[in-house]
Amino acid sequence: MDKVKESDLITSFYFEPVDGLPIADFQPGQYIGIYLHPEHSEHRCIRQYSLSEAPNGKSYRISVKREGKGETRGTISHYLHDNVQVGDVVELCPPSGDFYLNHRSDGPVVLMSAGVGQTPMLSMLNGLTRKKTEQPIIFVHGTMNSRVHAFGQHIRDIAEKNDNIEQILFYDEPTDTCSGHHYAGRTDLELIRDKIDLPEAHYYFCGPLGYMAIVKKTLQGWGVTEDRLHYEVFGPHKDL
Ligand SMILES: Cc1cc2nc3c(=O)[nH]c(=O)nc-3n(C[C@H](O)[C@H](O)[C@H](O)COP(=O)(O)OP(=O)(O)OC[C@H]3O[C@@H](n4cnc5c(N)ncnc54)[C@H](O)[C@@H]3O)c2cc1C
């Protein structure tokens, strides 16, 4: 197990099997389950985390946001950040989930996320990049500011090296030291409609429920058909 801080709020964890055998394959966008039993908790807990890296046959990566603070601190996200250390052994459930690139078209792919909702999008983006696809890919991400923004440089590098990939970044509340974002304020798809309202495009999105409801409504308003809308809720499934 390896551990890498990605931003003030998000840390990645890398897992390799202790027996050295190959890991179960997965589709970019899917998630794994992790069992943990914090000392202060009566129960063993399970949580799901999207795999944030594309498949490589050897390891899984998850990227976890610290949820809440003080009285409202999330049990497992804080336990992972504060207590789980490099070299620890944890029990995982194999990858699953029906949120992955499952459309059959070489048309544009629009990957949209807010906050830690970017984890499945990152796996999809990395997977598409490795396949050297030429289809247009637009990666739209919204987060508070550069302090909590994870993987910004990684995506900038990918976009610089691949003419078919573009990143569009919204910072809700940029500080004086923020740079690299394209818009200040929450994600507003109308501002970038000329870039993402594309014939045959498929839209994948993940983030807080309110964000996803607005994204879905906006896309529907533009006439995007249901079969081109794909989304994941980080919790029990909800219709938006
Ligand atoms: C398919 C799927 C994929 C996911 N992928 C990711 C991912 O890639 N990265 C990621 O970070 N998360 C992901 N999640 C979310 C993750 O599974 C956990 O739900 C998240 O880490 C919170 O777990 P926790 O144990 O820290 O919080 P819990 O202890 O379960 O608490 C849940 C929420 O309640 C809040 N809370 C706790 N106590 C109070 C209180 N007294 N009053 C008000 N609020 C309170 C916490 O702050 C937290 O936000 C995913 C979930 C699903 C279902």
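Residues numbered from 1 in each chain as written. Predicted model: local features only at pLDDT ≥ 70, side-chain atom pairs only at ≥ 80, totals over all residues. Heavy atoms only, no water.

> Give me the lowdown on the sheet that holds strand 5 (residues 60–65), citing residues and values where you can.
Spatially, the 3 strands line up as an open sheet ordered 1-2-5, and their pairing is antiparallel. Sheet topology places strand 1 (2–5) and strand 5 at the edges, where each strand pairs with a single neighbour. Averaged over all adjacent pairs, the angle separating strand axes in this sheet is 20°, with direction ignored. Sheet topology places strand 2 (residues 10–15) next to strand 5; 6 bridges connect them, and they run antiparallel. Residue pairing in the sheet places F15 in a bridge with Y60 of strand 5. Sheet contacts for helix 1 (residues 75–82): strand 1, strand 2 and strand 5; angle to strand 5, the most-contacted strand, approximately 115°. (Pairing = 2+ DSSP bridges. Helix = DSSP H or I, 4+ residues; strand = E, 2+ residues; numbered from the N terminus. Axes fitted to C-alpha atoms, helices over the stretch in contact; angles between N-to-C directions. Contact = heavy atoms within 4.5 Å.)

> Would you mind going over the domain arrangement of the protein in detail, with residue names and values included?
Each domain of the protein was delimited in the assignment, giving domain 1 (2–96) and domain 2 (109–232). Between the C-alpha centres of domain 1 and domain 2 the distance comes to 24 Å. Facing 19 residues of domain 1, the contacting portion of domain 2 comprises 15 residues. At the boundary of domain 1 with domain 2, total buried surface from both sides reaches about 1,400 Å², with 57% on carbon and sulfur atoms. Summed over the three residues of domain 1 that lose the most area to domain 2, namely D8, I10 and P28, the buried surface amounts to 25% of that side. (Domains from an automatic or database assignment. Buried area = accessible area lost by both parts, 1.4 Å probe.)

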